[in-house]
Amino acid sequence: MTENPHRRRRISRLPSWSLVAAGVVAGGLLGGTYGIVKPPAYTATSYVVAVPTERSDPGAALGFAQAYGRIATQPAVLAAAQAKAGAGTDTLRESVRTATSPDAPMVAVSATSARPARAAAMANAVADALTAQAGGAAADTHVELRQFARAVAPTEPSSPSAAVTGLVGASAGGLLGGLALLVRPRRRPEPEPLRPATLPAPATATADAAGLL
């Protein structure tokens, strides 16, 4: 399939900024629409802290907090939490995230949902299940998990607003427009019209005439 030369010439005559402007407008509209159509997401966080028993040292609590943060989303913990969370293990695996600190023996259990109350319920259920599992192994680890702060239903969504998604879309659209500007066909210079060659004037016979005088 051959490219239409007339269409190629029309594209090349567009101003340089038109592709960037079109990308910004299109990206902003798409990003803003996505932010409006997509339902908001809410995130709630529950905190548990590792506490050493009498036969352990504080340094061990920090190490076990890191370990419990990694196993909080394992099937055994999620299976024990699904009854209180009101959600299956697959939903909990997709919605729950954990975070630990290298300086404090604390585990943050966060859950995200379209409903604020459900996000808090999932975070608290997983935190309770993790605390119970740590309590069952406390005789061997000499470290317990205790509730530090329970999750509450958030009042504001954690997902970006339509204004933010629109700004991100506009930035991405402007970038794509700039890339398209680099690869678009360039305008070729018009060929100069051919001019007739200038012939030298016939030489005058001045020398011959001078010889006759």
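Not measured: the values here are computed from a predicted model.

Scanning the chain for helices and strands turns up nine helices and four strands. The secondary structure elements of the chain, listed N-terminal to C-terminal, are α-α-β-α-α-α-β-β-α-α-β-α-α. Residues counted as buried form 29% of the 213 residues belonging to the chain. Residue pairs in contact within the chain that sit at least 24 positions apart in sequence constitute 79% of those at least 6 positions apart. Carbon and sulfur atoms provide 63% of the accessible area of the chain, an area that totals close to 14100 Å².

The next subject is helix 3 (residues 58-71). Compared with an ideal rise of 1.5 Å per residue, which puts 14 residues at 20 Å, helix 3 spans 21 Å between its outermost C-alpha atoms and is within 8% of the ideal. For helix 3, the full list of buried residues reads Ala61, Ala65, Tyr68 and Gly69. Buried residues of helix 3 fall within an arc of 100 degrees about the axis and therefore sit on the same side. Within helix 3, the exposed residues directed more than 90 degrees away from the buried face are Gly59 and Arg70. Buried residues along helix 3 sit against strand 1 (42-52), strand 2 (96-100), strand 3 (106-113), helix 6 (116-136), helix 7 (138-141) and strand 4 (143-149).

To continue, consider unusual backbone geometry. Residues other than glycine seldom take positive phi values, yet His142 does so here, at roughly 60 degrees. Relative to the assigned elements, His142 resides in the loop between helix 7 and strand 4.

Further remarks concern the packing of aromatic side chains. Summed over all chains, the structure comprises one aromatic pair. Between the aromatic rings of Phe64 and Tyr68, the centroid separation amounts to 6.3 Å while the plane-to-plane angle is 35 degrees, which identifies the pairing as tilted. Here the residue Phe64 and the residue Tyr68 both occupy positions in helix 3, the gap between them amounting to four residues, near one helical turn. The exposure class of Phe64 is partly exposed, given its relative accessible area of 27%. Classification of Tyr68 as buried rests on a relative accessible area of 7%.

This part takes up the pairing of strand 3. Burial analysis of strand 3 places six of its eight residues in the buried class, the great majority of the element. Between the end of strand 2 and the start of strand 3, which pair antiparallel, lie five residues.

With that out of the way, let us pick up the sheet that holds strand 4. Spatially, 2-3-1-4 is the arrangement adopted by the four strands of the open sheet, whose pairing is antiparallel. The strands lining the two open edges of the sheet, one partner per strand, are strand 2 and strand 4. Neighbour-to-neighbour, the strand axes of this sheet turn through a mean angle of 25 degrees, independent of strand direction. Where strand 1 and strand 4 come together, six bridges link them in antiparallel fashion. Bridge pairing in strand 4 links Val51 to Glu144. Sitting on the sheet, helix 6 touches strand 1, strand 2, strand 3 and strand 4, and the angle it makes with strand 3 is about 145 degrees.

Let's shift gears to the packing of helix 4 (residues 75-85) against helix 6. The interhelical angle for the contact between helix 4 and helix 6, taken along N-to-C directions, is 135 degrees, at an axis separation of 8 Å. Compared by their axis directions, helix 4 and helix 6 come out oblique. For the pair helix 4 and helix 6, the crossing hand works out as right-handed. Here Val77, Leu78, Ala80, Ala81, Lys84 and Ala85 of helix 4 lie close against helix 6, whose contacting residues are Ala121, Met122, Ala125, Val126, Asp128, Ala129, Leu130 and Gln133. Looking at the contact of helix 4 with helix 6, its residues break down into eleven nonpolar, one polar and two charged.

With that settled, consider the side chain of Ser46. If you trace the backbone, Ser46 turns up in strand 1. Engagement of the side chain of Ser46 in a polar contact is seen with the side chain of Gln147, the distance being 3.0 Å. A distance of 3.4 Å separates a polar atom in the side chain of Ser46 from the backbone oxygen of Ala149. If near-sequence neighbours (up to four positions away) are discounted, Ser46 is found in contact with Val107, Ala108, Val109, Ala123, Asn124, Ala127, Gln147, Ala149, Arg150 and Ala151.

Cut-offs applied
Residues numbered from 1 in each chain as written. Predicted model: local features only at pLDDT ≥ 70, side-chain atom pairs only at ≥ 80, totals over all residues. Heavy atoms only, no water. Helix = DSSP H or I, 4+ residues; strand = E, 2+ residues; numbered from the N terminus. Buried < 20%, exposed > 50% of the residue type's maximum accessible area, 1.4 Å probe, protein only. Contact = heavy atoms within 4.5 Å. Areas by Shrake-Rupley, 256 points an atom, 1.4 Å probe, with all protein chains shown as cover. Expected span 1.5 Å × (residues − 1). Arc of directions from axis to C-beta. Phe/Tyr/Trp six-rings, centres within 6.5 Å; stacked < 30°, edge-to-face > 60°. Pairing = 2+ DSSP bridges. Axes fitted to C-alpha atoms, helices over the stretch in contact; angles between N-to-C directions. Parallel < 35°, antiparallel > 145°, perpendicular 65-115°, else oblique. Left-handed = near helix turned anticlockwise from the far one by under 90°. Nonpolar A, V, L, I, M, F, W, Y, C, P; charged D, E, K, R; others polar. Polar contact = N/O pair within 3.5 Å; in protein donor to acceptor, adjacent residues only side chain to side chain.

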